Structure formats: C-alpha cells, structure tokens
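Observations on the model geometry
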Amino acid sequence: MFNELWYKNAIIYCLSVGTFLDANGDGIGDFPGLMRRLDYLQGLGVTTIWLMPFQPSPGRDNGYDISDYYNVDPKYGTLGDFAEFTHACAERGLRVIIDLVVNHTSDQHPWFQAARSDPASKYRDWYVWSDKKPPHSNDGVVFPGAQKSTWSYDKQAKRWYFHRFYDFQPDLDTANPQVHAELLKIMGFWIQLGVSGFRMDAVPFVIAAKGPKVRRHSEQYGMLRAFREFLQWREGNAIILAEANVLPATDLEYFGDSGERLPMMFNFQLNQHTFYTLATGDTEPLKKALVATKPRPASAQWGVFLRNHDELDLGRLTPQAREAVFAAFAPEPDMQLYGRGIRRRLAPMLSGDRRRLELAYSLMLTLPGTPVIRYGDEIGMGDDLRRPDRESMRTPMQWSGEPQGGFTQHARPPVPVISGGAYGFERINVASQRRDPDSLLNWTERMIRMRREMPEIGWGDFNVLRTSRNDVLAMRYDWRNNSVLCLHNFGPQACTVRFRSGCQGAGDDRLVNLLSDDHSQGNGDGRHTVVLEPYGYRWYRAGGLDYLLRRSEV
Ligand code: NOJ
Ligand code: CA
C-alpha cells in the first residue's frame, strides 16, 4: 500500500508562471510558455511542479492576494491553458500541486467588497470584524516594518477588520461553516482540473481562532482532518503540503497521530538549522533538529528545502545563532529582512562557491523527506537587491545568453532579468550550462537521478551516526533490507572522519560509493575511516550493488 504514496519519493520543483517563460511577448511569463518548458523539467528529473498563485489578483503580494479562486489571471493565460498544462504534465508523468491561499482574500475580492459595503450581505460574516479597535491590534504582525497592525478600520463598513498579513489581505473567518464549505469547493475545483494537491498557505493562521476577543493564538486542529478527508474522497492520492513554521512539539498536531491530518509539511526547523550549520560548521543544532522532527506517522512526509520565494526566516534560532548566520550570509543590513530573515538566493549567500553549493544541495537531497527545489537554483541564479523586500529573489528564469536571458522577447519586462555581474544571465544560464558536462545544472540532474534511486531516504527510518568530528554529519537510512549512508563535511578543511556504519547484515561491511570510485571498507570491527575534502560529501550504499536483489518486499 505504501508504494502508492507518490510524495514519499518525489522531487518537487517550485516555480511561478510569471517568471518562467513568456510565450506571447508581453514581458510576463504565461502558461503557454511554461508548457514549452515541461520537457526541460522532465529532463531535470523533477517529478512534481509546485505552482505559486496564478489566480486573478491585484498582485500586491506576489499573487497571495487572490480576487477570484476559480480562474486564471489573464496575464498568465486562460483556464483553458491551465487544463492544457495539467494535461501536458500528465502526459509526461509530472504531477502538479498549486498554492491554496485561503487564510485571506484580496480586499478587491467581490466577497470582501460585498461584505464591507452591505451589512446584510451573506459575505459580511465571511470576514472578521470588530466595532471598536481591538486592544491588541498591534500584536502578531507577520511583516514587521511593512505592516503596522493586524486590525484596520474600513471606512465603508465603519468597522475594524482583521488581517494577519497586509491590510489588503482581509482574513476569512475560516470557522464560518459557509467559508469552510467554499474552501472545500475551491479544492474540488482544481482537483477536477487535474492537480495532485495543494501547498496550503499559512496553515497555523487558517486554523487559528480569530476575532477581537482572541488574545492567545489557539489552533482548531480538527479542521485539518476535514480538509484531508474531503480531498481524499475526491482524489485518493491528492496531498496537502502545509506551510507551517511551527515548533517540533506541535508537529504531530499537524500530521495527526496516525497521519489523519496533513500528509506533508515543510520542515522549517531543519531549514533554519541547516543554514546555521552551513554558516558555522557546527552540526550539533542540526542533529538536534533532526531528532526533534523525527517523530511522524508512517504516511507523513517532510518537505525539505533550502530557499523559497520568501525571506530565509531565522526566527526560530537563538539570537546568537541568528547573528552567526547573518554574519556569514547576509552581512549588509540590506540583505536582511523583517529583523529575522535574509532576502537572498542561495548561490550569492554561498559566494557562488561551487563546493559549498554542492554541499548544500547534497544535504538537501539526503535529509529525511522530499526535496523541494526552487526554480533557478539548479543553475545557481542570484538575486537583485535593488528590488524591494522579497522581490529580490523573484526574478525571471535565465534560459540563455540571448536578450532578456531568453525569458521574453519583450525589451523591458516588468520584472527585469538579472543582467551583468557574476549572476547576470550573460554568465548564469541554462543553455551554457547544458553544454558544459561539469556545470551545476548537469551535476544537479545527475544527483536528482541518483536520489530517485535511493527510496531509502524518502521511505526509510534514519539514524544520525556518531562520528569523530563535530563538523561532519553522518546519517544512515534503512528500508527493506537495505541501507544508504551520507556524509557531509561542513568545514573548510579536508579531514579524516571515523564512524561505525551500524548496518545490520551488510555482509563484509563495505560502503559502495555511489558518486565516485572510492569505496570504504570497514576495519573488521565495524569502523570506517574516510578522508573528506573541504566541504566534501559522500553517498554510499551498504553492502554492494546487488541491493535490488536483496531488497525485501515489506
Ligand atoms: C506565505 C507566503 O509564502 C508568502 O509569500 C505570503 O506573503 C504569505 N503567506 C501571505 O499569503
Ligand atoms: Ca506573456
């Protein structure tokens, strides 16, 4: 049965239609353009596309302010194009998941327009109102600096409305049964058009109690089960991947003790500690995060990522740890955001150092869960810090060295392609990396291919191994009578690391290197000694390459 859980061994690729490929030359990426790149994505080896919001929107929060849940923003194409797109994906065996942004709507949504202008409207109660300014209206803002409060006065309604995010994103009253029913209808609609699930935006806020009297954040976890059940009545193997930056103590509330709530969540805990370890070489907090996020039901899965379209949020680190990451990866104030995060892409953070990029990706691909890659990271794209806030990391894909990086035929696209310097399209682009067998792109493609043949990582149980060095992380995954082992050296120096593989029944205790020729032989006492390059990494299989012959059925 578990073989059917496709998301356990998926590789997810996150992109936004508007910055991928512009087919009609108006300067904005669109569905017809994206369709022309599906063969590229299939060749890269990713199995699932996560599409960021593409529904009609005033576009004040990169599409996370939706004004019609049942349509495609005309600048990206039509619903017809969308159906063609999901069909073209299915033809290639690619799955599609889309953003589900239902904590709030745009203030331009007809529901909010009706709610604010007509007290008798049925939509009035779809939002969260207060007659008086609530006493805690300055608490709980998500974007400090860019957002002042969580309650704003609406002149038309002559009342205050609640907005967890920006003031143009009024919160839906998700506890209202009518809103709940509508939310399910939205899921059902897109399922019908061929998607395999949803990346659910801002889940802790969707399920939070909302209202002027609410003082402490409290979640109604039961809602999660209702979402899940509806989804799977409609489409048995559809998933929800939750955006929930929560503490490990509540992980099981989101997954459900027996996996009855959300099947996937992004592992923010692991993400933040990964960057701490990349910055300092100290693996201790990363190991703790691995252990803390280990408990999960068998059917549940982590989404493992390095960077996404938001700031790299370091809010869960201690102040000292956060400062260490800032010092290493975002020393200029302009590189930081909201006092807690970094608004840069991965490659510039790692100074474009190929060894460190490989280390980071190798780690992401081998941490427990399903990797989620951000478009452009496979070629090491950079950021544009002249653009405001989080827009710095949302520039068009760089396809070639031709004008506008091959993204559009328009001379001045509204979101400019990065040009000039170390990360400009002239130097960093898909076409030139394709011609170079040693490029990051070709390396990533090979790694993804190998990772797909290591189901032990997505499916198996893992152990963090004890090693002789704090700057080396060693992990072993066990599944169906097979084991794989991964080593990562976070230090800038070559080193010798000793560890015990701890494999059961691994024959002569040989570790077969999957990426190069230097295998490791145990010393008879179960101990291995491996010399690693600066920022070096290893992927091994225990035993030998007859592992498929040895794999057990259950
Ligand atoms: C999380 C999204 O990732 C972010 O981009 C957005 O601004 C907020 N949710 C509000 O929808
Ligand atoms: Ca276009």
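Calculation rules
- Residues numbered from 1 in each chain as written.
- Chains lettered and ligands numbered in written order.
- Predicted model: local features only at pLDDT ≥ 70, side-chain atom pairs only at ≥ 80, totals over all residues.
- Heavy atoms only, no water.
- Near = heavy atom within 4 Å.
- Polar contact = N/O pair within 3.5 Å; in protein donor to acceptor, adjacent residues only side chain to side chain.
- Areas by Shrake-Rupley, 256 points an atom, 1.4 Å probe, with all protein chains shown as cover.
- Nonpolar A, V, L, I, M, F, W, Y, C, P; charged D, E, K, R; others polar.
- Pairing = 2+ DSSP bridges.
- Helix = DSSP H or I, 4+ residues; strand = E, 2+ residues; numbered from the N terminus.
- Axes fitted to C-alpha atoms, helices over the stretch in contact; angles between N-to-C directions.
- Phe/Tyr/Trp six-rings, centres within 6.5 Å; stacked < 30°, edge-to-face > 60°.
- Buried < 20%, exposed > 50% of the residue type's maximum accessible area, 1.4 Å probe, protein only.
- Lys NZ or Arg CZ within 6 Å of the ring centre and 35° of its normal.

As a further point, take the site of ligand 1. The immediate surroundings of ligand 1 are formed by Asp61, Tyr64, His104, Phe143, Phe165, Arg199, Asp201, Glu243, His309, Asp310, Arg390 and Arg394. The side chain of His104 places a nitrogen or oxygen atom 3.1 Å from an oxygen atom of ligand 1. At 2.8 Å from an oxygen atom of ligand 1 is found a side-chain nitrogen or oxygen belonging to His309. When the free accessible area of ligand 1 is taken as 300 Å², the share hidden by the protein chains comes to 98%. Class assignment of the residues belonging to the shell around ligand 1 gives a composition of 3 nonpolar, 2 polar and 7 charged.

All right, on to the sheet that holds strand β8 (residues 239-242) then. One closed barrel accounts for 8 strands, arranged β1-β2-β3-β7-β8-β9-β10-β14; its pairing is parallel. When the angles between neighbouring strand axes are averaged without regard to direction, this sheet yields 25°. Judged from the 4 bridges that link them, strand β1 (residues 12-15) and strand β2 (residues 48-51) form a sheet pairing that is parallel. Following the sheet pairing, Tyr13 is matched in β2 by Ile49.

As a further point, take the packing of aromatic side chains. Under the defined criterion, the tally for this structure stands at 40 aromatic pairs. Here the aromatic rings of Phe31 and Phe54 are separated by 5.4 Å at their centres, their planes lie at 85°, and the arrangement is edge-to-face. Separated by 23 residues along the polypeptide, Phe31 in helix α1 (residues 31-36) and Phe54 in the loop between β2 and α3 (79-91) bring together distant segments of the chain. When its relative accessible area of 1% is taken as the criterion, Phe54 is described as buried. With a centroid separation of 6.3 Å and an interplanar angle of 70°, the aromatic rings of Trp129 and Tyr161 are classed as edge-to-face. Highlighted residues: Trp129 in strand β4 (residues 129-130) and Tyr161 in strand β6 (residues 159-162), separated in sequence by 32 residues. Take Trp129: its relative accessible area is 10%, and that puts it in the buried class. When the ring centre of Phe462 is taken as origin, the NZ or CZ atom of Lys294, which lies over that ring, is 4.7 Å away.

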